[in-house]
Amino acid sequence: MGFWRTGTDLAIDLGTATVLVYVKGKGVILKEPSVVAINKVNNKILAVGEEARKMIGRTPGNIIAVRPLKDGVISDYDITEKMLKEFIKKACGGKKIIAPKVMVCIPSQATEVEKRAVIDATKNSGAKEVHIRPACPPIMFGCKYLNFSRSSSEMSLITRRVIKELEGKEDI
(Lines give C-alpha, C1' and ligand atoms only; values in the text may rest on other atoms or scores of the structure.)
Protein backbone atom coordinates (compact mmCIF):
# COMPACT_ATOMS: atom_id res chain seq x y z
CA MET A 1 0.00 0.00 0.00
CA GLY A 2 1.67 3.20 -1.18
CA PHE A 3 1.45 6.69 0.24
CA TRP A 4 -0.92 7.62 -2.61
CA ARG A 5 -3.71 5.46 -1.21
CA THR A 6 -3.95 7.52 1.97
CA GLY A 7 -4.27 10.82 0.12
CA THR A 8 -1.36 13.16 -0.23
CA ASP A 9 -0.31 16.71 -0.88
CA LEU A 10 1.29 17.52 -4.23
CA ALA A 11 3.01 20.64 -5.47
CA ILE A 12 3.16 21.15 -9.23
CA ASP A 13 5.33 23.79 -10.82
CA LEU A 14 3.76 24.45 -14.23
CA GLY A 15 6.70 25.78 -16.15
CA THR A 16 6.71 26.71 -19.82
CA ALA A 17 9.67 24.38 -20.43
CA THR A 18 9.50 21.93 -17.51
CA VAL A 19 6.86 20.64 -15.10
CA LEU A 20 7.93 19.53 -11.63
CA VAL A 21 5.77 17.33 -9.41
CA TYR A 22 6.69 17.33 -5.73
CA VAL A 23 5.25 15.14 -2.97
CA LYS A 24 5.54 16.35 0.60
CA GLY A 25 7.97 14.11 2.41
CA LYS A 26 9.21 12.46 -0.81
CA GLY A 27 10.68 15.37 -2.79
CA VAL A 28 10.53 15.98 -6.52
CA ILE A 29 9.28 12.73 -8.03
CA LEU A 30 8.78 13.95 -11.58
CA LYS A 31 10.65 16.46 -13.71
CA GLU A 32 9.47 16.39 -17.32
CA PRO A 33 9.37 18.77 -20.27
CA SER A 34 5.94 20.39 -20.73
CA VAL A 35 5.43 18.85 -24.17
CA VAL A 36 2.55 16.75 -25.50
CA ALA A 37 2.53 14.68 -28.73
CA ILE A 38 -0.89 14.56 -30.39
CA ASN A 39 -2.33 12.71 -33.36
CA LYS A 40 -4.00 15.49 -35.40
CA VAL A 41 -6.38 13.03 -37.10
CA ASN A 42 -8.17 11.80 -33.94
CA ASN A 43 -6.86 14.38 -31.41
CA LYS A 44 -5.48 11.55 -29.25
CA ILE A 45 -2.54 12.09 -26.86
CA LEU A 46 0.34 9.83 -27.92
CA ALA A 47 3.05 10.90 -25.46
CA VAL A 48 3.69 13.38 -22.67
CA GLY A 49 6.87 14.83 -21.20
CA GLU A 50 10.29 13.51 -22.19
CA GLU A 51 8.84 10.93 -24.56
CA ALA A 52 6.93 13.68 -26.41
CA ARG A 53 9.99 15.98 -26.44
CA LYS A 54 11.98 13.28 -28.22
CA MET A 55 9.31 13.26 -30.95
CA ILE A 56 9.79 16.95 -31.84
CA GLY A 57 10.88 17.13 -35.49
CA ARG A 58 10.84 13.33 -35.86
CA THR A 59 7.19 12.59 -36.47
CA PRO A 60 4.99 12.08 -39.51
CA GLY A 61 2.75 14.95 -40.59
CA ASN A 62 -0.27 13.70 -38.65
CA ILE A 63 1.58 13.82 -35.29
CA ILE A 64 2.52 17.13 -33.70
CA ALA A 65 4.41 17.93 -30.51
CA VAL A 66 3.04 21.00 -28.73
CA ARG A 67 3.81 23.02 -25.63
CA PRO A 68 0.44 23.81 -24.01
CA LEU A 69 1.90 26.47 -21.70
CA LYS A 70 3.20 29.89 -22.68
CA ASP A 71 4.91 32.26 -20.26
CA GLY A 72 3.97 29.94 -17.40
CA VAL A 73 0.22 30.02 -18.06
CA ILE A 74 -2.16 27.83 -20.04
CA SER A 75 -2.30 28.53 -23.77
CA ASP A 76 -4.22 25.31 -24.66
CA TYR A 77 -6.64 24.31 -21.90
CA ASP A 78 -7.65 20.83 -23.15
CA ILE A 79 -4.10 19.69 -23.78
CA THR A 80 -2.88 21.09 -20.44
CA GLU A 81 -5.64 19.21 -18.63
CA LYS A 82 -4.65 15.95 -20.33
CA MET A 83 -0.96 16.63 -19.66
CA LEU A 84 -1.62 17.23 -15.95
CA LYS A 85 -3.66 14.02 -15.73
CA GLU A 86 -0.78 12.07 -17.31
CA PHE A 87 1.83 13.66 -15.03
CA ILE A 88 -0.22 12.83 -11.93
CA LYS A 89 -0.63 9.26 -13.22
CA LYS A 90 3.12 9.00 -13.99
CA ALA A 91 4.00 10.35 -10.56
CA CYS A 92 2.07 7.54 -8.85
CA GLY A 93 3.36 4.80 -11.12
CA GLY A 94 0.09 4.43 -13.04
CA LYS A 95 -1.85 3.19 -10.00
CA LYS A 96 -5.30 4.43 -9.14
CA ILE A 97 -5.03 7.06 -6.41
CA ILE A 98 -7.30 8.95 -4.10
CA ALA A 99 -7.68 12.49 -5.40
CA PRO A 100 -4.76 14.47 -3.97
CA LYS A 101 -4.67 18.03 -2.69
CA VAL A 102 -2.58 20.00 -5.17
CA MET A 103 -0.76 23.30 -4.95
CA VAL A 104 0.09 24.69 -8.38
CA CYS A 105 2.77 27.31 -8.91
CA ILE A 106 2.10 29.91 -11.58
CA PRO A 107 3.68 33.29 -12.37
CA SER A 108 2.74 36.04 -9.94
CA GLN A 109 1.59 38.23 -12.85
CA ALA A 110 -1.07 35.68 -13.95
CA THR A 111 -4.56 37.17 -14.39
CA GLU A 112 -7.66 35.93 -12.56
CA VAL A 113 -8.84 34.21 -15.74
CA GLU A 114 -5.49 32.41 -16.08
CA LYS A 115 -5.61 31.36 -12.41
CA ARG A 116 -9.17 30.04 -12.87
CA ALA A 117 -8.06 28.04 -15.92
CA VAL A 118 -5.25 26.40 -13.89
CA ILE A 119 -7.63 25.56 -11.04
CA ASP A 120 -10.22 24.05 -13.40
CA ALA A 121 -7.64 22.07 -15.42
CA THR A 122 -6.08 20.68 -12.23
CA LYS A 123 -9.44 19.68 -10.73
CA ASN A 124 -10.48 18.05 -14.01
CA SER A 125 -7.19 16.12 -13.92
CA GLY A 126 -8.22 14.41 -10.69
CA ALA A 127 -7.28 16.78 -7.86
CA LYS A 128 -9.64 16.98 -4.89
CA GLU A 129 -8.51 20.43 -3.84
CA VAL A 130 -6.40 23.01 -5.71
CA HIS A 131 -4.45 25.94 -4.33
CA ILE A 132 -2.66 28.50 -6.49
CA ARG A 133 0.59 30.10 -5.37
CA PRO A 134 3.08 32.47 -7.02
CA ALA A 135 6.03 30.78 -8.73
CA CYS A 136 8.45 28.74 -6.65
CA PRO A 137 6.57 27.79 -3.45
CA PRO A 138 7.64 24.12 -3.69
CA ILE A 139 10.75 25.39 -1.88
CA MET A 140 8.48 25.99 1.08
CA PHE A 141 7.58 22.31 1.13
CA GLY A 142 11.24 21.35 1.34
CA CYS A 143 12.05 21.18 -2.37
CA LYS A 144 15.44 22.83 -2.63
CA TYR A 145 15.61 24.44 -6.05
CA LEU A 146 15.46 27.93 -7.49
CA ASN A 147 13.24 28.84 -10.42
CA PHE A 148 15.23 30.67 -13.08
CA SER A 149 12.78 30.19 -15.93
CA ARG A 150 13.10 31.71 -19.38
CA SER A 151 9.63 33.21 -19.11
CA SER A 152 10.24 35.18 -15.94
CA SER A 153 12.96 36.41 -13.67
CA GLU A 154 11.17 35.41 -10.49
CA MET A 155 13.28 33.79 -7.84
CA SER A 156 12.63 32.62 -4.31
CA LEU A 157 15.29 32.50 -1.67
CA ILE A 158 14.15 30.71 1.46
CA THR A 159 16.51 30.30 4.38
CA ARG A 160 17.15 26.97 6.03
CA ARG A 161 15.39 28.28 9.14
CA VAL A 162 12.17 29.00 7.23
CA ILE A 163 12.23 25.57 5.57
CA LYS A 164 12.69 23.89 8.94
CA GLU A 165 9.86 25.95 10.47
CA LEU A 166 7.55 24.99 7.59
CA GLU A 167 8.46 21.32 8.01
CA GLY A 168 7.59 21.60 11.71
CA LYS A 169 11.13 20.87 12.91
CA GLU A 170 12.41 22.99 15.74
CA ASP A 171 16.10 22.16 15.55
CA ILE A 172 18.08 23.89 12.87
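Heads up: these notes are all about the structure in this document.

What counts and what doesn't
- Residues numbered from 1 in each chain as written.
- Predicted model: local features only at pLDDT ≥ 70, side-chain atom pairs only at ≥ 80, totals over all residues.
- Heavy atoms only, no water.
- Helix = DSSP H or I, 4+ residues; strand = E, 2+ residues; numbered from the N terminus.
- Buried < 20%, exposed > 50% of the residue type's maximum accessible area, 1.4 Å probe, protein only.
- Areas by Shrake-Rupley, 256 points an atom, 1.4 Å probe, with all protein chains shown as cover.
- Pairing = 2+ DSSP bridges.
- Axes fitted to C-alpha atoms, helices over the stretch in contact; angles between N-to-C directions.
- Contact = heavy atoms within 4.5 Å.
- Salt bridge = Lys/Arg side-chain N within 4 Å of Asp/Glu carboxyl O.
- Expected span 1.5 Å × (residues − 1).
- Polar contact = N/O pair within 3.5 Å; in protein donor to acceptor, adjacent residues only side chain to side chain.
- Core = buried A, V, L, I, M, F, W, Y, C linked by side-chain atoms within 4.5 Å.

1. Some thoughts on the overall build of the protein
Right, so step 1: The helix and strand tally for the protein stands at four helices and ten strands.
Right, so step 2: Element order for the protein, N to C, with α for helix and β for strand: β-β-β-β-β-α-β-β-β-α-β-α-β-α.
Right, so step 3: The buried share of the protein, reckoned over its 172 residues, is 42%.
Right, so step 4: Counting only carbon and sulfur atoms, one obtains 51% of the accessible surface of the protein, whose full area is about 9,700 Å².

2. Focus on the sheet that holds strand 2 (residues 18-23)
Right, so step 1: An order of 3-2-1-9-10 is seen for the five strands of this open sheet, with the pairing classed as mixed. Single-partner strands in this sheet number two, and they are strand 3 (27-33) and strand 10 (129-134). Along the sheet, successive strands turn relative to each other by an average axial angle of 20°, direction set aside.
Right, so step 2: Examined bridge by bridge, strand 9 (residues 101-106) and strand 10 share six bridges and lie parallel to one another. Opposite valine 102, over in strand 10, you have valine 130 as the bridge partner.
Right, so step 3: Along the sheet, helix 2 (residues 77-91) makes contact with strand 1 (9-14), strand 2 and strand 3, crossing strand 3 at roughly 135°.
Right, so step 4: Sheet contacts for helix 3 (residues 112-124): strand 1, strand 9 and strand 10; angle to strand 10, the most-contacted strand, approximately 145°.

3. Remarks on the pattern of salt bridges
Pairing is possible between side chains of opposite charge, provided their charged atoms come close.
Right, so step 1: For the structure on display, the rule yields five salt bridges.
Right, so step 2: With its nearest N and O atoms 3.6 Å apart, the salt bridge here joins lysine 89 to glutamate 86. In this pair, lysine 89 and glutamate 86 both sit in helix 2, three residues apart, roughly one turn of the helix.
Right, so step 3: Lysine 89 sits in the partly exposed class, given a relative accessible area of 39%.
Right, so step 4: By relative accessible area, which is 27% here, glutamate 86 ends up partly exposed.
Right, so step 5: Between aspartate 120 and arginine 116 there is a salt bridge, with the nearest N and O atoms lying 3.0 Å from each other. Here aspartate 120 and its partner arginine 116 are both found in helix 3, four residues apart, which amounts to about one turn of the helix.
Right, so step 6: A relative accessible area of 27% means that aspartate 120 is categorised as partly exposed.

4. Regarding helix 2
Right, so step 1: Its 15 residues give helix 2 an end-to-end C-alpha distance of 21 Å, which sits within 8% of 21 Å, the value for a rise of 1.5 Å per residue.
Right, so step 2: The N-cap of helix 2, judged by a side-chain oxygen 3.4 Å from the amide nitrogen of aspartate 78 a few residues on, is aspartate 76.

5. Points about the environment of leucine 69
Right, so step 1: Tracing the chain through its elements places leucine 69 in strand 7 (residues 69-70).
Right, so step 2: On the basis of relative accessible area, leucine 69 is assigned to the buried category, the value being 3%.
Right, so step 3: Through-space distance from the C-alpha of leucine 69 to that of serine 34 is 7.4 Å; in sequence the pair is 35 residues apart.
Right, so step 4: Sequence-distant contacts of leucine 69, that is, excluding residues within four places in its chain, are made with Leu14, Gly15, Thr16, Val19, Ser34, Ile74, Ser75, Thr80 and Met83.

6. Topic: the nonpolar core
Right, so step 1: Residues Ile12, Leu14, Val19, Val21, Met83 and Val104 are the most contacted members of the largest nonpolar core, which totals 30 residues.
Right, so step 2: When contributions to this core are tallied by element, the ones reaching two or more residues are strand 1, strand 2, strand 4 (36-39), strand 8 (73-74), helix 2, strand 9, helix 3 and strand 10.
Right, so step 3: The greatest single-element share of this core, amounting to six residues, is contributed by helix 2.
Right, so step 4: In contact with isoleucine 12, other than residues within four places in its own chain, are Val19, Leu20, Val21, Leu84, Ile88, Val102, Met103, Val104 and Cys105.

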